[in-house]
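If you want the building blocks of each chain, they are given just below.
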Amino acid sequence: MTAADGTGGLAHRLAPLKMSPDEFRDHGHRMVDRIAALFEGMPERRVAPDTKPAEIRGILGRGDLPRVGADPSHILEEATALLFEWSRFNSHPRYWGYIGGCPAPISVLSDLLATAIDQNVVMWNSGPMAAEIEAQTVRWLAELIGYPSDCGGLFVSGGTMANFVGLHAARRTLARWDVRKEGMAGAPAPLRIYASEETHTWLQKTADMAGLGTDAIRWIEIDGERRLKTSDLEARLADDLKRGDLPFLVIGSAGTVSTGAIDPLPRIAEIGRQHGMWFHVDGAYGAPAAVLADAPPDLLGLREADSIALDPHKWLYSPFEAGCVLVRDRQALVEAFGFRPSYYHMDYPPGEEPIHYYEQGPQNTRAFRALKVWTALRQAGRDGYRQMIEDDIRLSQELYRQADTEPELEAGTQSLSIATFRYVPKDLDPAHPEAEAYLNTLNAALLSRLQRGGEAYMSNAVIDGRYLLRACIVNFHAQLGDIRVTIDVVLRIGAAVDAELRPPALRPGA
Ligand SMILES: *Cc1c(COP(=O)(O)O)cnc(C)c1O
């Protein structure tokens, strides 16, 4: 081969990763058929496998990096089999753990399309249509939640990075020294951030990443409904101002991660304005609920935010990863993230310079994440999203109602589409000094067994020291019948675990 054509094989390269169009078609069709069968059989599958790390490592095997290649047919078949058998499925109708939206099939196909054309949405001309679709999707997300649609924004990996972009833009906008050059060393006094104790851990991570340190965060107390207490916010602000600190950022959650609590956003916005602070809303979970005709006024306060983090891979039913940040002042992102390197060739007519996404956020090379959101928004429309989100909330309320009426379940909280409750055996004396500690042990063991059992999947919330089961329904496959099935599974497992674990001192007649 090398010698024969005198080009060293370079005239007709035999690259090992090449695939003929016919082969591609054949592998692709078979893959789509397998995925369609997976979706079709999902309700009969386990939600999650019952396994341990050592078992999975054993099944995968510890083989060395192959020296030579192999047949793609076999590789794709094996990858499919391994993943179908040993995965936890967000698209199972009874997956209600954490906040993982079930992936819309149109978005799954869109991801295939996005990777096939392999657009790097870095500069406008590296993907002209992709860049404009991203801009349009950002606009549509703003419209969906009633935010000004002339805002800036971009797609990022998830809620954590979306929140990071908001925090970083706030820092750049409000630092009165050249913070990009001098960093925090130039700060005349410590910068302060205000957020409730219930805020997701993105805040610690990003305060650290932005060089502010976690001590910059003032954790504000919560009220009986686990919402930021504005009287405490005002007290902490007064304290810090007296000391000469620089409050610059106040954060509200549009749906907290544990219980879906909605902070009093309009009041937080007002306090932020009074003090010239940046108002950021973490809407990673709950922002899409602003589309509802009867959205709570507290939630609609997100419309006053300077920046909002959204997570389409949660309540917009997009596959991972898809986060999005919206920023009221479009210029703020370029000022926080823009550097112009010499190696990017720019050639646009005067006044027609388009958005270059590398100047808008922390990433340079960027996947085309917007496509799967754009196609889903078009398939369902605003009304379709309104219906799906409303149905998720109604199912969550029904779960809470059923938990409340079951003698052996104790209802905890219900907000947006998150319900919490716990198993309490009928014959347990709640006044016994060890009862509460036992209930925590019992419900934690119940959750482990439920997750391993594969019939339904929930996570947990710890509220005032009580360990509760937590169901977050962001899943358009869930139906009324799944609520009953789940309640029955919890009752059955609860009784079995109680029979095994209850200490003699807590048994009736002890
Ligand atoms: C999920 C979530 C986050 C983090 O988002 P990721 O996509 O996991 O990075 C932040 N805040 C809230 C309220 C969330 O629900």
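The present account deals with the structure reproduced in this document. (Residues numbered from 1 in each chain as written. Predicted model: local features only at pLDDT ≥ 70, side-chain atom pairs only at ≥ 80, totals over all residues. Heavy atoms only, no water.)

## Focus on the sheet that holds strand E11 (residues 466–472)
Rules: Being paired, for any two strands, means DSSP has found at least two bridges between them. Each helix corresponds to a stretch of at least 4 residues labelled H or I by DSSP, and each strand to a stretch of at least 2 residues labelled E; elements are numbered beginning at the N terminus. Throughout, an axis means a line fitted to C-alpha atoms (over the contacting stretch in the case of helices), and angles, computed between N-to-C directions, take values from 0 to 180 degrees. Only heavy atoms matter for contacts: two residues are in contact if any of them lie within 4.5 Å across the pair.
Across the sheet, which stays open at both edges, the 4 strands sit in the order E8-E9-E11-E10 with antiparallel pairing between neighbours. A single partner strand is all that each edge strand has here, and the edge strands are strand E8 (409–415) and strand E10 (459–463). Here the average twist between neighbouring strands, direction ignored, is 35°. Across 5 bridges, E8 lies against strand E9 (residues 418–423) in antiparallel orientation. Bridging across to E9, Ala411 finds its partner in Phe421. Where helix H13 (residues 370–405) meets the sheet, it contacts E8, E9 and E11, and its direction lies at approximately 155° from that of E8. Across the face of the sheet, helix H14 (residues 435–453) comes into contact with E9, E10 and E11 while running at roughly 30° to E11.

## A closer look at the packing of aromatic side chains
Test applied: Between rings of Phe, Tyr and Trp, where Trp is taken as its six-membered ring, a pair exists when centres lie within 6.5 Å; planes separated by under 30 degrees are stacked, by over 60 edge-to-face, and by other angles tilted. Relative accessibility under 20% of the residue-type maximum defines a buried residue, over 50% an exposed one, and the middle range a partly exposed one, all with a 1.4 Å probe and only protein chains included. In this analysis the charged atom, NZ for Lys or CZ for Arg, is taken to sit over a ring once it is within 6 Å of the ring centre and within 35 degrees of the ring normal.
Applying the stated criterion across every chain yields a total of 8 aromatic pairs. When the centroid spacing of 6.1 Å and the interplanar angle of 85° are considered together, the rings of Trp124 and Tyr348 count as edge-to-face. With Trp124 in the loop between helix H4 (105–117) and helix H5 (128–145) and Tyr348 in the loop between helix H12 (330–337) and H13, this pair connects stretches of sequence that are 224 residues apart. Its relative accessible area of 24% is what places Trp124 among the partly exposed residues. With relative accessibility at 19%, the residue Tyr348 sits in the buried group. Clustering of aromatic rings is evident, with ring pairs tying together Tyr317, Tyr385 and Phe476. Lying across the ring of Phe339, Arg180 places its NZ or CZ 3.9 Å from the centre. Here the basic side chain of Arg378 rests over the ring of Trp374, its NZ or CZ set 4.7 Å away from the ring centre.

## Structural notes on the pattern of salt bridges
What counts, and what does not: By salt bridge we mean one thing: a side-chain nitrogen of Lys or Arg within 4 Å of a carboxyl oxygen of Asp or Glu.
All chains considered together, the criterion is met by 34 salt bridges. A salt bridge links Asp427 to Arg502; the nearest nitrogen and oxygen atoms lie 2.6 Å apart. Note that Asp427 is positioned in the loop between E9 and H14 and Arg502 in the segment after helix H15 (480–501), a separation of 75 residues in sequence. On the basis of relative accessible area, Arg502 is assigned to the buried category, the value being 5%. Bridged by salt links that share partners, the residues Arg192, Arg218, Asp240, Arg243 and Asp245 form one connected network.

## Here's the deal with the side chain of Gln451
Mapped onto the elements, Gln451 comes out in helix H14. Using a relative accessible area of 18% as the deciding quantity, one classes Gln451 as buried. For Gln451, the residues in contact, after removing those within four places along its chain, are Ala48, Tyr98, Tyr457, Met458 and Ser459.

## A look at helix H9 (residues 230–243)
The line we're drawing: Helix span is expected to be 1.5 Å times the residue number reduced by one. What the arc describes is the spread of directions from the helix axis to the C-beta atoms.
Between its first and last C-alpha, H9 extends 20 Å over 14 residues, near the 20 Å set by a 1.5 Å rise per residue. Here H9 has its buried residues at Thr230, Asp232, Leu233, Leu237 and Asp240. The buried residues of H9 occupy one face: seen down the axis, they fall within an arc of 150°. Contacts from the buried residues of H9 go to strand E2 (191–196), strand E3 (217–220), strand E4 (246–253) and helix H10 (265–274). Phi turns positive one or two residues past the end of H9, at Gly244, with a value near 90°.

## Some points on the layout of surface pockets
Condition: Definitions used throughout: a 1 Å grid over protein atoms alone; a cavity as a set of points that fits a 1.4 Å probe which cannot get out; a pocket as an open set with protein on both sides within 12 Å along at least five of seven lines; a lining residue as one with an atom within 4 Å of a point. Grid points are joined across faces, edges and corners, and a volume is the space filled by probe spheres set on the points. Each residue is assigned to one class: nonpolar for Ala, Val, Leu, Ile, Met, Phe, Trp, Tyr, Cys and Pro, charged for Asp, Glu, Lys and Arg, and polar for all the others, Gly among them.
What the largest pocket holds in volume is close to 600 Å³. As for the largest pocket, its lining consists of 21 residues, of which Leu38, Phe39, Phe89, Pro103 and Val108 are closest to the centre. Those elements that provide at least two residues to the lining of the largest pocket are helix H1 (21–40), helix H3 (72–85) and H4. Looking at the lining of the largest pocket residue by residue, the class counts come to 13 nonpolar, 6 polar and 2 charged. If you add up the space inside the second largest pocket, you get close to 440 Å³.

## Focus: the environment of Ile463
Position of Ile463 among the secondary structure elements: in strand E10. On the basis of relative accessibility, which here comes to 4%, the residue Ile463 falls in the buried class. As a C-alpha pair, Ile463 and Ser258 span 205 residues in sequence and 8.9 Å in three-dimensional space. Among residues more than four places away in sequence, those in contact with Ile463 are Arg226, Thr259, Thr413, Thr420 and Leu468.

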